[in-house]
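Observations on chain architecture
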Amino acid sequence: MTQSQADLDRVDGAHDTHAGHDHGSAPVRRRARGVHVAWAVGASVVLIALVAVRAVTAEAGPWGIPNPVQDLLTLSTSVIIESLPFIMLGIVLSVLVQVWIPESWLLRILPRNPWGRRAVISLFGMFLPVCECGNVPLARGLVRRGFTVPESMTFLIAAPILNPVTIITTHQAFGFDDGILIARLLGGFAIANILGWLFSKHPQPMSLLSGRFADECRLDDGHGHGRTRREQSLDLFVRESSILMPALVIGSLIAGAIQVIVPRDVLVALGSDPLYSVLAMMVLAFIISVCSNVDAFFILPFASTFLPGSIVTFLVFGPIVDIKMLALMRTTYSTRTLVQLTTIVALLSLALGLVVNYLA
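Residues numbered from 1 in each chain as written. Predicted model: local features only at pLDDT ≥ 70, side-chain atom pairs only at ≥ 80, totals over all residues. Heavy atoms only, no water.

Broken down by element type, the chain carries 17 helices and 0 strands. Residues counted as buried form 50% of the 360 residues belonging to the chain. Of the contacts formed within the chain by residues at least 6 apart in sequence, a portion of 81% connects residues at least 24 apart. Looking at the chain as shown, the accessible area adds up to about 16,400 Å², and 69% of this sits on carbon and sulfur atoms. (Helix = DSSP H or I, 4+ residues; strand = E, 2+ residues; numbered from the N terminus. Buried < 20%, exposed > 50% of the residue type's maximum accessible area, 1.4 Å probe, protein only. Contact = heavy atoms within 4.5 Å. Areas by Shrake-Rupley, 256 points an atom, 1.4 Å probe, with all protein chains shown as cover.)

Here you go:
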């Protein structure tokens, strides 16, 4: 029995399930999910209302639409268009992992030592040129295949940084100047494995998942129940798409609205201070929600005014924690887990940026 299955059994026992179904707490979890959805929609409405307030006094654009509204539509649409191909690719790869690739192929190459196992899992991204958005369905697929929740987190955090497309684009933008490329790769690898180790100490790792995804894992025994692989693949593709696409749209709207409301000049003015420049870049990375495959080119113009450590922080923190990613990760992990994850990643990214600033 795998660790994940054992955790599932303990969760089942704790909730007094019957025949694999948790009748008593399911309505509570449905109400909780409704609260989270309502909060996300409410936040979007509030932010868009603030954009509308700005639009009232703003000049109209070429088509008679106020400039803030045009900016919101442009920024939100660009995030969706930029992320959508990678999410689709990630879902397809997740289906391949769950349905078509024998489990022994994945487990055969993994060391028995937990540290070595997580280290190898964090390098899976080298063979999967997918940005952070596409790695969410892949991480979900790993949990369904028997990987522990901390192992899925290790993959999810490391993969968008340690993949060939990100490495190539970062090198094209910065080369080896100021150690930005090396610091990004080593920092991403270290943060992923530290986070995986910390969460591996949790007494009930499956409780780190969202209620809905934990239920799906609990009821998924890994068999097709007489269905063909093609039918299983189609079912998984539709299910993952229906979960991830609304999260992407809401996250993109929030990211676009904040970019319209918060003046970028405020962030740029902080670029010369070793501490404030790092904090400013963390805020910028959180707001912009740009894809890890192209974020090096986005941040390149800031390299002349911001210190190297702040650039490294942007390139490490952004692919792990931003508005879009939190919306997507909420489909898999609980809110409490995401708060803990964000706090740990923020502190480690801040420390990395300060080290680079004072050593570069």
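With that settled, consider the packing of helix H13 (residues 274-288) against helix H15 (residues 308-320). Between H13 and H15, the shortest axis-to-axis distance is 8 Å and the interhelical angle comes to 30°. One finds that H13 runs roughly parallel with respect to H15. As for the relative orientation of H13 and H15, their crossing is right-handed in sense. Residue-level inspection shows Ser-277, Val-278, Met-281, Met-282, Leu-284, Ala-285 and Phe-286 of H13 in contact with H15, the latter providing Gly-309, Ser-310, Ile-311, Thr-313, Phe-314, Phe-317 and Gly-318. (Axes fitted to C-alpha atoms, helices over the stretch in contact; angles between N-to-C directions. Parallel < 35°, antiparallel > 145°, perpendicular 65-115°, else oblique. Left-handed = near helix turned anticlockwise from the far one by under 90°.)

Further remarks concern the pattern of salt bridges. This structure, assessed with the given rule, holds 3 salt bridges. Residue Arg-184 is joined to Asp-295 by a salt bridge in which the shortest nitrogen-to-oxygen separation is 2.7 Å. Separated by 111 residues along the polypeptide, Arg-184 in helix H9 (residues 180-200) and Asp-295 in helix H14 (residues 295-299) bring together distant segments of the chain. Among the residues examined, Arg-184 registers a relative accessible area of 0% and is labelled buried. With a relative accessible area of 1%, Asp-295 lands in the buried category. Salt-bridge contacts for Asp-322 lead to Lys-324; the nearest nitrogen and oxygen are separated by 3.9 Å. Take Asp-322 and Lys-324: they sit in the same class, and that class is buried. (Salt bridge = Lys/Arg side-chain N within 4 Å of Asp/Glu carboxyl O.)

This part covers helix H8 (residues 164-174). Within the sequence span of H8, burial applies to Thr-166, Thr-169, Thr-170, Ala-173 and Phe-174. All buried residues of H8 fall inside an arc of 110° around its axis, so they share one side. In H8, those exposed residues whose orientation departs by more than 90 degrees from the buried face are Ile-168 and Gln-172. Against the buried residues of H8 lie H9, H14 and H15. Positive backbone phi, at 60°, marks Gly-175, one or two positions downstream of H8. (Arc of directions from axis to C-beta.)

For the pair H13 and helix H17 (residues 335-359), the least separation of the axes is 10 Å and the interaxial angle reads 135°. The orientation of H13 relative to H17 falls into the category oblique. The hand of the H13/H17 crossing is right-handed. Every residue of H17 that contacts H13 at Pro-274, Leu-275, Ser-277, Val-278, Leu-279 and Met-282 is listed here: Ala-346, Leu-350, Gly-353, Leu-354, Asn-357 and Tyr-358. By residue class, the composition of the contact of H13 with H17 is 9 nonpolar, 3 polar and no charged. (Nonpolar A, V, L, I, M, F, W, Y, C, P; charged D, E, K, R; others polar.)

Another aspect to go through is the packing of aromatic side chains. Counting across every chain of the model gives 1 aromatic pair. Just above the ring of Phe-147 sits the side chain of Arg-117; from NZ or CZ to the centre is 5.6 Å. (Phe/Tyr/Trp six-rings, centres within 6.5 Å; stacked < 30°, edge-to-face > 60°. Lys NZ or Arg CZ within 6 Å of the ring centre and 35° of its normal.)

Another point: H15. Compared with the 18 Å implied by 1.5 Å per residue over 13 residues, the 19 Å span of H15 between its first and last C-alpha is a close match. H15 sits mainly inside the fold: 13 of its 13 residues count as buried. (Expected span 1.5 Å × (residues − 1).)

A surface patch of nonpolar side chains, amounting to about 350 Å² of accessible area, comprises Trp-115, Ile-194, Trp-197 and Leu-198. If one sorts the elements of the nonpolar patch by residue count, H9 sits on top with 3 residues. With respect to the helices and strands, the residue Leu-198 is situated in helix H9. For Leu-198, a relative accessible area of 36% translates into the label partly exposed. (Patch = residues over 30% accessible without salt bridge, like charges linked within 9 Å, V, L, I, M, F, W, Y side chains within 5 Å.)

With that settled, the discussion passes to unusual backbone geometry. You will see that Asp-178, though not glycine, has its phi angle at about 60°, which is positive. By the element assignment, Asp-178 lies in the loop between H8 and H9. Note on Asp-178: relative accessible area 51%, which makes it exposed.

For the chain, the average pLDDT comes to 75, and 69% of its residues sit at 70 or higher. Mean pLDDT values over the elements of the chain span from 43, in helix H1 (residues 3-14), up to 95, in H9. Under a pLDDT of 50 for its full length, residues 1-37 has, in the predicted model, 37 contacts with residues more than four places off or in other chains. (pLDDT = per-residue confidence, 0-100.)

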